[in-house]
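Examination of the molecular architecture
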Amino acid sequence: MKKIAIVYFSQTGTTDALAKAVACGAETQGAQVFAYRILGSDIFEGRFKNDALFEELSDMDAIIFGSPTYMGGPTAQFKAFADASSESWSKQRWKNKFAAGFTIGGSPCGEVQSTVEYFNVLATQHSMLWVGIDAPEGALSKDFNRLNASLGVVALADTESGLHPVDAKTAVRLGERVAELIR
Ligand SMILES: Cc1cc2nc3c(=O)[nH]c(=O)nc-3n(C[C@H](O)[C@H](O)[C@H](O)COP(=O)(O)O)c2cc1C
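What you see is a predicted model, and the numbers here were worked out from it, not measured in a lab. (Residues numbered from 1 in each chain as written. Predicted model: local features only at pLDDT ≥ 70, side-chain atom pairs only at ≥ 80, totals over all residues. Heavy atoms only, no water.)

Below, the discussion takes up the side chain of Thr69. With respect to the helices and strands, Thr69 occurs in strand β5 (residues 62-70). What makes Thr69 buried here is its relative accessible area of 13%. Here the side chain of Thr69 touches Thr103 through a polar contact of 2.9 Å, side chain to side chain. Excluding residues that lie within four positions of it along the chain, Thr69 makes contacts with Thr103, Ile104, Gly110, Glu111, Val112 and Thr115. (Helix = DSSP H or I, 4+ residues; strand = E, 2+ residues; numbered from the N terminus. Buried < 20%, exposed > 50% of the residue type's maximum accessible area, 1.4 Å probe, protein only. Polar contact = N/O pair within 3.5 Å; in protein donor to acceptor, adjacent residues only side chain to side chain. Contact = heavy atoms within 4.5 Å.)

What follows is the structure, given as structure tokens:
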């Protein structure tokens, strides 16, 4: 069975909706998804602590990272998780697992790309294999990947619905793609 973890933070629910779309895509390709939403209570005096989570992550074929963009980068809650992954890094426990990422922002040009760039750096430090967006419909498609990011899902929060349907579709595809790549 293909095993995919999605580790993410969400305060007001839009990143949570993206995570559910990624999970849906992965499950359609036969993956078992372990979704973990980072909680404030995981963080004690500024440090993320959850040994059971890191045990679980060691056993995955892929780990997909998610966070809203706050002030041009990942949230402090996600960064606390990433900092705590340094022990897994030192033992290279995530080496050769697939990695991917998704984010959402409130502004069309809110430095949102920086967050997936950060996820890519994190994955590369862990010697993981990065999976970006495949965009068969090309640039400027209105039906898929509407902000034309390549590194990961970059979504723009919708004032009406929270998560725009095209962003949801792009997130589903990312989950499918990661699952397809696992042999
Ligand atoms: C403290 C804070 C900082 C933010 N910084 C940015 C930003 O730099 N760029 C952007 O596009 N949106 C920014 N936003 C908007 C959030 O990314 C957006 O509301 C997102 O949908 C929240 O995700 P959530 O619903 O999963 O919590 C910020 C929001 C907050 C609360």
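That shown, we press on.
Ranked by size, the top nonpolar core spans 29 residues in total, and within it Ile4, Ile6, Leu18, Ile64, Phe102, Val153 and Val178 carry the most contacts. Looking at which element gives the most residues to this core, the answer is helix α1 (residues 14-28), with six residues. In this structure, Leu18 is in contact with Phe102, Thr103, Ile104, Val153, Ala155, Leu163, Asp167 and Ala171, ignoring residues within four places of it in sequence. In terms of nonpolar packing, the next biggest core, distinct from the first, is built from 27 residues, Tyr36, Phe78, Ala80 and Val112 among them. (Core = buried A, V, L, I, M, F, W, Y, C linked by side-chain atoms within 4.5 Å.)

Our next topic: the confidence of the model for the protein. Model confidence for the protein is summarised by a mean pLDDT of 95, while 97% of its residues fall at 70 or above. Scored as a whole, the predicted complex attains pTM 0.97, and scored at its interfaces, ipTM 0.99. (pLDDT = per-residue confidence, 0-100.)

What follows deals with the environment of Ala31. Tracing the backbone shows Ala31 in strand β2 (residues 31-37). Note on Ala31: relative accessible area 7%, which makes it buried. Residues within four places of Ala31 in sequence aside, it is in contact with Met1, Lys2, Ile4, Ala26 and Ala179.

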